[in-house]
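For reference, the chains in residue letters:
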Amino acid sequence: MLPEVDVAIIGAGVIGLATAREIAQGKKEVFVFEKNRSSGLETSSRNSEVIHAGIYYPEDSLKAELCVEGKKLLYNLCDKHNIAYKRCGKIIVASDENEINWLKELYEQGRKNGVDDLVPLSRTEVKKLEPNIEARAGLLSPSSGIFDSHNLLKFLYSQAREEGAAFVFSTEVIGVERTGTKYKVQIRDRDGISAVIAHIIVNCAGLNSDKIAQLVGIDIAKSGYRLHYCKGEYFSLDSKYRNLVSRLIYPVPEQAGHGIHWRQALDGRVLLGPSARYVEAIDYSVDETHRQYFYNSAKRFLPFVELEDLAPESAGIRPKLQGAGEDFRDFIIAHEEKTGFPGLINLIGIESPGLTAALAIARYVGKMVDDLFD
Ligand SMILES: Cc1cc2nc3c(=O)[nH]c(=O)nc-3n(C[C@H](O)[C@H](O)[C@H](O)COP(=O)(O)OP(=O)(O)OC[C@H]3O[C@@H](n4cnc5c(N)ncnc54)[C@H](O)[C@@H]3O)c2cc1C
C-alpha cells in the first residue's frame, strides 16, 4: 500500500512555503516535495526583494488584488515577527512628454487598484525629495518598500513545519496520475523512484509549473499555460553610491518588466536591475557585455552614474505566461475541475509581484482547498 496524504504541494519556493503554512494551519496533512536540497533556492531568492504597491496591473486582476492584499499582510507579518524591512517608498520617473502621460495612466490605474496614497510630483518636487535624480516628473508611491526575503523564507518554512507540514527535499516529482478521486504522485530521490497518493495536488513548481500541468495530462498549449522564460540581470554599483538616493527609483515600466531600477538593499548595497530578455534555457550567469545597456538605461535618471562603477551581480528568471510582444497575462490560480482534474490546483505564471502577493496567494489557495474538503 502506498502512503497517503491529504495535500501534496510541488515546490518549496515562497509560494509553496506560504501555501503549506496556510493549509497546515487548517489541520490538513501536507507534504511538500522539493527537488532542491532546501527551500527557496530558485526565483524566490533571485529577485529585487521589493514590496510592490499594486500599481501596474489591470483592476480586478489577481495580480492587482493579491498584490494589494499581500502587501498589507507582508508588512504586518514583518512587524509581528521581526523580519527586517524598510517602507522607503518609490518614485516612478518620467524623462519625456510621452512618459509623463504614462505616469498619469499609472496614477489612475493605481487608484483603481486601491493604491490610494500615490502622489504625482513635478520636476521641482522630485528634486526636493531626491536631489540627485533627474526627472521631468514623478509618481511617488509611499507604501512601496524593500524587505529581507531570505528571512521570510526561513520564517515560512519553520512555521509550516511547526503546523505539521512535512518537507521532502532532494525529491523531484516526475509523474502525476489520476487514480479514481485521488492522484498518484511519482517521485525520484537518491534512493530511486517511489510514489505517494494525494487527495489534492497544489502545483507551486515555479519555472516548471507548466511542465507539471502537462505531466498530469493538461494540454498546456490549448489552455494557454505554456511558460516563457524572461531573464532579469542585476549590476551592482560601487559603494561610493550608497545613500545618494533614499527611495526606490523606477523608470516607467517596459513591456516585459518593471524596468531597470535603482535599489539600495537593506545591507547597503546599491543595485540596478532587473533587465528583461526572453531566453530559452535557465542560466543565471550575468553577461558583462550588458554593462553599457544598464548604464544607458540608468543614466537617463541617475546622471551621476559612471560606466566603470557597474559590476555584474546576479540574475533571476521570470516564469511568464506573456510571450515577447504579447498582452498582459494574469496569474493562473485554478482548480482544474473543468479540465477533468478535480483536486488539482495549478499556480502558473507566478512572476512579479509574486513575492509581495505570496501570503495573499496562500490564503486564496487555502480557501480553495477548504472548499474541496467541505
Ligand atoms: C528578476 C526578478 C525580480 C523579481 N522581483 C520581485 C520583487 O521585487 N517583488 C515581488 O513581489 N516579486 C518579484 N519577483 C517575482 C517573485 O520572485 C516570484 O513571483 C516568486 O519568487 C515565485 O515563487 P515560486 O514559489 O512560485 O517559485 P520558485 O521560487 O521558483 O519555487 C518553485 C520551486 O519548485 C521547485 N520545483 C520545480 N519543479 C519541481 C518538481 N518537479 N519537483 C519538485 N520540486 C520542483 C523548484 O525547485 C523551486 O524551489 C521577481 C522575479 C524575478 C525573476
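Just above, that's the structure.
Residues numbered from 1 in each chain as written. Predicted model: local features only at pLDDT ≥ 70, side-chain atom pairs only at ≥ 80, totals over all residues. Heavy atoms only, no water.

Q: What is the right way to read the pairing of strand β11 (residues 182-189) from this model?
A: Within a regular strand, the side chains alternate between the two sheet faces. With seven bridges connecting them, strand β10 (residues 172-179) and β11 associate as antiparallel partners. What sits directly across from E177, in β11, is K184. Between β10 and the antiparallel strand that follows it, β11, lie two residues; G180 among them carries a positive phi value of about 65°. In the sheet, β11 pairs with strand β12 (residues 192-203) via seven bridges, with the strands oriented antiparallel. (Pairing = 2+ DSSP bridges. Helix = DSSP H or I, 4+ residues; strand = E, 2+ residues; numbered from the N terminus.)

Q: What is the right way to look at the packing of helix α1 (residues 14-25) against helix α5 (residues 149-162) in this model?
A: Geometry of a packed helix pair, given as the angle between the helix axes and the separation of the axes. With their axes 8 Å apart at the nearest point, α1 and α5 run at an angle of 30° to one another. Between α1 and α5, the angle falls in the class roughly parallel. Considering only the axes of α1 and α5, their crossing is left-handed. Only L152, L153, F155, L156, Y157, Q159 and A160 of α5 make contact with α1, whose side of the interface consists of V14, L17, A18, A20, R21, A24 and Q25. Considered class by class, the residues forming the contact of α1 with α5 number 11 nonpolar, two polar and one charged. (Axes fitted to C-alpha atoms, helices over the stretch in contact; angles between N-to-C directions. Parallel < 35°, antiparallel > 145°, perpendicular 65-115°, else oblique. Left-handed = near helix turned anticlockwise from the far one by under 90°. Contact = heavy atoms within 4.5 Å. Nonpolar A, V, L, I, M, F, W, Y, C, P; charged D, E, K, R; others polar.)

Q: Just to check I follow, could you spell out the pairing of strand β5 (residues 90-94) for this structure?
A: Among the five residues that make up β5, five are buried, leaving the element largely enclosed by the rest of the structure. Across the two faces of β5 the burial is the same, with K90, I92 and A94 and I91 and V93 all buried. In terms of strand pairing, β5 meets strand β7 (residues 137-141) through five bridges, oriented antiparallel. Bridge pairing in β7 places V93 opposite G138. Relative to strand β14 (residues 248-251), β5 runs parallel, the two sharing four bridges. Paired with V93 across the bridge in β14 is P251. (Buried < 20%, exposed > 50% of the residue type's maximum accessible area, 1.4 Å probe, protein only.)

Q: In this structure, what is going on with the sheet that holds strand β4 (residues 85-86)? I would like to understand it.
A: Within a sheet, adjacent strands bond to each other through the backbone by hydrogen bonds, running parallel or antiparallel. Taken in spatial order, the three strands make up an open sheet running β3-β8-β4, and their pairing is antiparallel. A single partner strand is all that each edge strand has here, and the edge strands are β3 (50-51) and β4. Note that β4 and strand β8 (residues 145-147) share two bridges and pair antiparallel. Bridging across to β8, Y85 finds its partner in F147.

Q: Is there a simple way to think about the environment of Y56 in this case?
A: By the element assignment, Y56 lies in the loop between β3 and α2 (62-80). Take Y56: its relative accessible area is 15%, and that puts it in the buried class. Other than its neighbours up to four places away in sequence, Y56 contacts K90, I92, L106, Q109, Y250, P253 and H258. Reaching out from Y56, the side chain makes a polar contact with the side chain of K90 at a distance of 2.8 Å. (Polar contact = N/O pair within 3.5 Å; in protein donor to acceptor, adjacent residues only side chain to side chain.)

Q: Please clarify how the side chain of Q322 should be interpreted in this entry.
A: Of note, Q322 is situated in the loop between β18 (310-320) and β19 (332-335). By relative accessible area, Q322 is classed as buried at 7%. In this structure the side chain of Q322 is engaged in a polar contact, spanning 3.0 Å, whose partner is the backbone oxygen of E326.

Q: Explain the packing of α1 against helix α9 (residues 354-373) here, please?
A: Where α1 contacts α9, the two axes come as close as 8 Å, and the packing angle between them is 40°. It follows from the interaxial angle that α1 and α9 lie oblique. Handedness of the α1/α9 crossing: right-handed. On α9, the residues that touch V14, I15, A18, T19, R21, E22 and I23 of α1 are G354, L355, A358, L359, I361, A362, R363, V365, G366 and V369. Broken down by class, the residue content of the contact of α1 with α9 amounts to 11 nonpolar, three polar and three charged.

Q: Looking at this model, I keep getting lost on α5. Mind explaining?
A: Side chains three or four residues apart in an α-helix point the same way, a direct result of the helix having 3.6 residues per turn. Taking 1.5 Å of rise per residue, the 14 residues of α5 would be expected to cover 20 Å, and the 20 Å separating its terminal C-alpha atoms lies within 8% of that figure. Every buried residue of α5 is listed here: S149, L152, L153, F155, L156, Q159 and A160. Relative to the axis of α5, the buried residues are bounded by an arc of 165° and lie together on one face. In this structure, α5 carries K154 and E162 as exposed residues pointing more than 90 degrees from its buried face. Where α5 is buried, its residues contact α1, α2, β8, β9 (166-168) and α9. (Expected span 1.5 Å × (residues − 1). Arc of directions from axis to C-beta.)

Q: Which parts of the structure should I look at to understand the packing of aromatic side chains?
A: The description of an aromatic ring pair uses the distance of the two centres, along with the angle that the planes make with each other. Using the criterion set out here, one finds 10 aromatic pairs in the structure. A ring pair is formed by Y157 and F167, whose centres lie 4.8 Å apart and whose planes are at 75°; its orientation type is edge-to-face. Here the residue Y157 occupies a position in helix α5, and F167 occupies one in strand β9, the gap between them amounting to 10 residues. Assessed through its relative accessible area of 22%, Y157 is described here as partly exposed. (Phe/Tyr/Trp six-rings, centres within 6.5 Å; stacked < 30°, edge-to-face > 60°.)

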